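Spelled out from the first residue to the last, the chains are:
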Amino acid sequence: MANIGFIGLGIMGAPMAQHLIDGGHTLFVNTHGKVPRPIVDAGATVCETAREVAQQSDFVIVMVPDTPDVEAVLFAANGVAEGLTPGKIVIDMSSISPVATKVFAQRINDLGCEYLDAPVSGGQVGAKAATLSIMVGGKHSTFEKALPLFQLMGKNITLVGKNGDGQTCKVANQIIVALNIEAVAEALLFAAKNGADPARVREALMGGFASSRILEVHGERMIKRTFDPGFRIELHQKDLNLALTVARQIGMSLPNTATAQELFNACAAHGGAGRDHSAMVQALEKMANFEIGQ
């Protein structure tokens, strides 16, 4: 069993940390705000700073919202870097810039430590069920050391390639998810406004080639109007911004990704940034002057 640091105990991080505790590991934790009571009750040690977390731990896992947050956790005063000693492993499970990830990895390597970028897919449901898909970038030898930890948190665990490739894979994932949400939203709205029962339409489509996890889960959310996150629109906006920024840097166009981002932007403009990303349908509904639930 290992001493594990875990920084970032939000709706994703808290259940992930709980699985590590349940797996018999000793956790040292730090988060923005208060550490969730179940984590404390399970025996985790609360640390005042990220530096203290790193000092106590063999592995340091970071699960925070965005690139600047990861940079601050790692390299700000009293950050992780100040508490590292050679041989420790830093694992960033946030979803952030692939370009910045390569820089962060090199800075951690320069301290004699190892680095994995290991973003996840599966949302709060997957985090609670320990069924997350985990996309890893880094050395194979480092991956093998961390694999038993990943197996406590996820099911589909893939070493994609070098540092940065895990984050690139996650950005690709978010492109696919956004475009699938958009497709499901258009289809169900089309059916509903044309007079068909969207619930029956969804049921029929689930048995054919149009079937998908997005149609199953997010289609149901659209019909039942259950837009509590889940995965917030503002976080998906962040991920698509990464996609569009990197695409511009490498000289390619992502036209449908840009459209999905504009629909998320419209939702945010109407106060929906904190809703589940399935609420993208509301932007399309405003243009159609019709709600699926009508």
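Residues numbered from 1 in each chain as written. Predicted model: local features only at pLDDT ≥ 70, side-chain atom pairs only at ≥ 80, totals over all residues. Heavy atoms only, no water.

With that settled, consider the overall build of the chain. Secondary structure assignment for the chain yields 14 helices and nine strands. In terms of overall size, the chain behaves like a compact globule, its C-alpha atoms giving a radius of gyration of 20 Å where 294 residues would be expected to give roughly 19 Å. In terms of overall dimensions, the chain has a C-alpha envelope of 65 × 45 × 35 Å along the principal axes. For the chain, the proportion of its 294 residues judged to be buried stands at 51%. Partitioning the contacts of the chain with sequence separation of at least 6, the portion at a separation of at least 24 is 66%. For the chain, the exposed surface amounts to about 13300 Å²; the carbon and sulfur share of it is 53%. Averaging the coordinates of the 24 positive side-chain charges in the chain and doing the same for the 28 negative ones gives two points 2 Å apart. (Helix = DSSP H or I, 4+ residues; strand = E, 2+ residues; numbered from the N terminus. Rg over C-alpha atoms; globule rule 2.2 N^0.38 Å. Buried < 20%, exposed > 50% of the residue type's maximum accessible area, 1.4 Å probe, protein only. Contact = heavy atoms within 4.5 Å. Areas by Shrake-Rupley, 256 points an atom, 1.4 Å probe, with all protein chains shown as cover. Lys, Arg positive; Asp, Glu negative; His and termini not counted. Charge placed at Lys NZ, Arg CZ, Asp CG, Glu CD.)

We now examine the UniProt feature "domain: 6-phosphogluconate dehydrogenase NADP-binding" (unreviewed entry) in the chain. In the numbering used here, UniProt assigns the feature "domain: 6-phosphogluconate dehydrogenase NADP-binding" (unreviewed entry) to residues 3–161. Within the segment residues 3–161, helix and strand shares are 43% and 25% respectively, and the terminal C-alpha atoms sit 26 Å apart. (UniProt positions renumbered as here; feature names shortened; annotations may be inferred.)

Turning next to the UniProt feature "domain: 3-hydroxyisobutyrate dehydrogenase-like NAD-binding" (unreviewed entry) in the chain. In this structure's numbering, the residues bearing the UniProt feature "domain: 3-hydroxyisobutyrate dehydrogenase-like NAD-binding" (unreviewed entry) are residues 164–284. For residues 164–284, the end-to-end C-alpha separation is 34 Å, with 71% helix and 0% strand making up the annotated structure.

With an omega of 5 degrees, the peptide bond running from Pro 229 to Gly 230 counts as cis. The topology assignment puts Gly 230 in the loop between helix 11 (213–224) and helix 12 (233–250). One non-glycine residue, Asn 78, lies in positive phi territory at about 65 degrees. Residue placement: Asn 78 occurs in the loop between helix 4 (67–75) and helix 5 (80–83). At Ala 130, a position not held by glycine, the phi torsion is positive, near 60 degrees. Structurally, Ala 130 can be placed in the loop between helix 7 (123–129) and strand 8 (132–137).

To continue, consider the pattern of salt bridges. One pass over the full model with this rule turns up eleven salt bridges. A salt bridge links Asp 41 to Arg 37; its shortest N-O distance comes to 3.4 Å. Of the two residues, Asp 41 and Arg 37 both sit in helix 2 (residues 37–41), four residues apart, roughly one turn of that helix. Each member of the pair, Asp 41 together with Arg 37, is exposed. Between Lys 224 and Glu 220 there is a salt bridge whose closest N-O contact spans 3.1 Å. Here the residue Lys 224 and the residue Glu 220 both occupy positions in helix 11, the gap between them amounting to four residues, near one helical turn. Judged by relative accessible area, Lys 224 falls into the exposed class, the value being 54%. Look at the salt bridges and you will find they share partners, linking Arg 225, Glu 285 and Glu 291 into a network. (Salt bridge = Lys/Arg side-chain N within 4 Å of Asp/Glu carboxyl O.)

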